[in-house]
Amino acid sequence: MTAIAWCLTAGFAALVTLGVPFAIAIALVITAALIVADIEPAFLAQSIISGSQQFSLLAIPLFMLAGELMSAGGLSRRLVDFASTLVQHLRGGLAMVTVLAALVFSAISGSAPATTAAIGAIMIPAMVQAGYDKGFAASIAVSAGVLGPLIPPSIAFVIWGIVAEQSIGRLFLSGIVPGLLIAAGLLVICWVHAKRNDVPRLPRASAADVARAFADGRWALASPLVVLGGIYGGIFTPTEAAAVSCLYAIIIGLFVERKLTLRAMPGIFVRAMRTSAIVCAIIAVSAGFGILVAQEQIAIRFATWMAQAIGEKWAALATLNIAFFLLAAVMDEIAIMVILGPMLMAIANRFGVDPIHFGAIIVTNVAIGMAAPPIGYCLFIGMAISGLSLARISRAIWPQILWMLVVLFLTTYVPSFALMLQPAGR
Amino acid sequence: MSILGPIARILAGATRWSIALAAAMMLSAILYQVVTRYLLGAASSWSEEFAVLMFSWSVLAGLALGVHEGFHVRLSLLTDALPLGGRIATERILDFVTAALGVFLAWSGWRFLDITSGSVSAAMGYPIEILNALAPIAGALMAIFGLERALRRGGALPRDEAAIE
């Protein structure tokens, strides 16, 4: 290996292990590579600036902002109320409300932690009050957050679309079936948990209650139509849809629900941009990393080596999934996508995996990593809301993680799950 | 060095609000783009470029602000396992390294600014220095924020842990 290759691989691993934040570690190894290879130092600044000059990336802060505005404007509460009237009388009904409300919220926000935060903040206390075990209540809110990146719109798919140079709209569609399968499994887990622990049921809502909740929630329920209808109706790009969804949330929050105030707005913007900066900083600094990796042909060499060592496509995909799951236990999922993206794409090309199908596999992995112990954004949010320890939530969440791994297996080996909703003629 | 704390706090406050403002401008520009395309029948020629410029600032400023607020994601398994004294020392070293990276980014950005000076942007025709100056500014902020953390009395542990002490 060349000196640059050493910096980018071993140097990066060493810095991250020592506790250097991912974004800083990437910039540091680029700097080291520039120094050892005597490359023009301006490369660092140039690559970070060009890494941030991509219109598609603007969807990330805007979808995060939309999620914050929807929560602050009371729209997530409306979704919960409507879902409640539909399933509260079933066994495990209140836990099912968490899943269903998260499913609709996922069609607005696109972020896993935002989904867990918006729905969990309302539902974890409500479930505990209704007699659910607190660990289970938190774990179901954490696992429902996984729907955020799978149901369109999705920040993870936006990032993968940029990394892999694939259509973001098509990638969005590839996550729907895996997302719905995970949601269905979570509903069954809610039912089994409630039956086993004999959690009391709530009375059935009357038709009038359902109608009233639907009327009250119509603006919240219509927002996925604005976002997804806009994108697939060919009216907006995903980035524009994110902006329109922010405007929608502001108008409904200010004038219809009247929960949003102008005074609260700067705080909401700062919060959303802080979360977005965590992700976008990693992406922007990774641009230079990607150029150096390409120049050193690290990705292609690794893919060639893997093809020789493994040979079979099914075994290569199994290896990738296992490696991703293990890596996600110690590394940020977004960083894995961005840093290893070129290598992952080289492997997919080498084995002839459809790029949209491959995107669905990657993002399903990313989504699971958000909830799987020991580290995951959704887990941290669940811990913060419930006040429970990581160990307590981890003990409760394993059935959900197991089901998600089954869905990952299906998504990997049944390509039609990811591809069945693709437009004809592709 | 006590002066560095208030300076860093003021700069961080200004950075925070500038990012929120950039987000608002970004949002407005994209909405304007949609409106001009559908209502006025002609897409705006500058909105996309302006929105992306605002985004670039939010990313670079966010990179620096993350150093001050300690919000960048990291793997802390190893540092968490150290005793308090060792942890503070490690954090201090990492903060010095981050400050050094800030200095390098500022220098790198300054060179890039120099190399590209005189060019203009593709659509709006704004001087490219406006965009390319963002890197040295972010580098300088990162250096100040990193140095301030490194020299903070008692070390700069992540917020929740600092609160426990």
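Each chain carries its own residue numbering, running from 1 in the direction its sequence is written. By the order in which they are written, chains take letters starting at A while ligands take numbers starting at 1. Only residues with pLDDT of at least 70 are given local features in this predicted model, and only at 80 or more are side-chain atom pairs given and counted; all residues enter the totals for whole chains, interfaces and linings. As a rule here, side-chain values cover all heavy atoms of the structure and leave hydrogens and water aside.

### Focus on the overall build of chain B
From N to C terminus, chain B includes seven helices and zero strands. For chain B, the succession of helices and strands along the chain, N to C, is α-α-α-α-α-α-α. Values of the radius of gyration come from C-alpha atoms, whereas the globule rule sets the reference at 2.2 Å times the count of residues to the power 0.38. Its C-alpha atoms give chain B a radius of gyration of 20 Å, more than 25% over the compact-globule value 15 Å for 165 residues. Principal axes of the C-alpha set define a box for chain B whose edges measure 65 × 35 × 30 Å. Numbering of helices and strands runs from the N terminus; a helix is a DSSP stretch of H or I covering at least four residues, while a strand is a stretch of E covering at least two.

### Let's talk about the pattern of salt bridges
The salt bridge definition used is simple: a Lys or Arg side-chain nitrogen within 4 Å of an Asp or Glu carboxyl oxygen. Considering all chains together, one arrives at 14 salt bridges over all chains under this definition. Across the salt bridge formed by E91 of chain B and R74 of chain B, the nearest N and O atoms sit 3.0 Å from each other. Separated by 17 residues along the polypeptide, E91 of chain B in helix α4 (residues 84–116) and R74 of chain B in the loop between α2 (47–69) and α3 (77–80) bring together distant segments of the chain. For E91 of chain B, a relative accessible area of 3% puts it in the buried group. Between R152 of chain B and E148 of chain B there is a salt bridge; the shortest N-O distance is 2.9 Å. Overall, the relative accessible area of 28% leaves R152 of chain B in the partly exposed class. It is possible to trace a salt-bridge network through shared partners that takes in R78, D216 and E257 of chain A. Buried residues are those whose accessible area, probed at 1.4 Å on protein chains only, stays under 20% of the maximum for their type, while exposed residues exceed 50% and partly exposed ones sit between those limits.

### Here's the deal with the nonpolar core
In this structure, F12, I60, L69, I159, W160 and F358 of chain A together with L27 of chain B are the most contacted members of the largest nonpolar core, which totals 212 residues. Residue contributions to this core peak at 18 residues, all from helix α16 (residues 265–296) of chain A. Every residue in contact with F12 of chain A, bar those within four places of it in the chain, is listed here: C7, F22, A25, I26, V29, M331 and I339 of chain A. By nonpolar core we mean a set of buried residues, namely Ala, Val, Leu, Ile, Met, Phe, Trp, Tyr and Cys, connected to one another through side-chain atoms within 4.5 Å. Here, two residues are considered to be in contact whenever any of their heavy atoms come within 4.5 Å of each other.

### A word on the interface of chain B and chain A
Taken together, the contact between chain B and chain A spans 52 residues of the former and 56 residues of the latter. Its largest share of buried area at the contact with chain A, chain B owes to F55, V73 and L75 of chain B, together 15% of the area lost on that side. Counting across the interface, chain B meets chain A through three salt bridges. Ionic pairing is found between R37 of chain B and E240 of chain A, a salt bridge with its closest N-O pair at 2.7 Å. Counting residues per element, the ones that place at least two in the side of chain B that touches chain A are α1 (4–38), α2, α3, α4, α5 (129–132) and α6 (134–151) of chain B. The dominant element in the side of chain B that touches chain A, judged by the number of residues it contributes, is α1 of chain B, at 14 residues. Three classes are used, and their members are as follows: Ala, Val, Leu, Ile, Met, Phe, Trp, Tyr, Cys and Pro are nonpolar, Asp, Glu, Lys and Arg are charged, and the others, Gly among them, are polar. Per-class residue counts for the side of chain B that touches chain A are 35 nonpolar, eleven polar and six charged. By definition, the buried area sums, over both parts, the 1.4 Å-probe accessible area that each loses when the two are put together.

### Regarding helix α2 (residues 22–36) of chain A
Residue and element names in this part refer to chain A. A rise of 1.5 Å per residue sets the reference length of α2, with its 15 residues, at 21 Å; its end C-alpha atoms lie 21 Å apart and thus fit the reference within 8%. Here α2 lies mainly inside the structure; twelve of its 15 residues are buried. Among the residues making up α2, those that are buried are F22, A23, I24, A25, I26, A27, L28, V29, I30, T31, A33 and L34. Residue D38 follows α2 closely and has a positive phi angle near 55°. Helix span, expected: 1.5 Å multiplied by one less than the number of residues in the helix.

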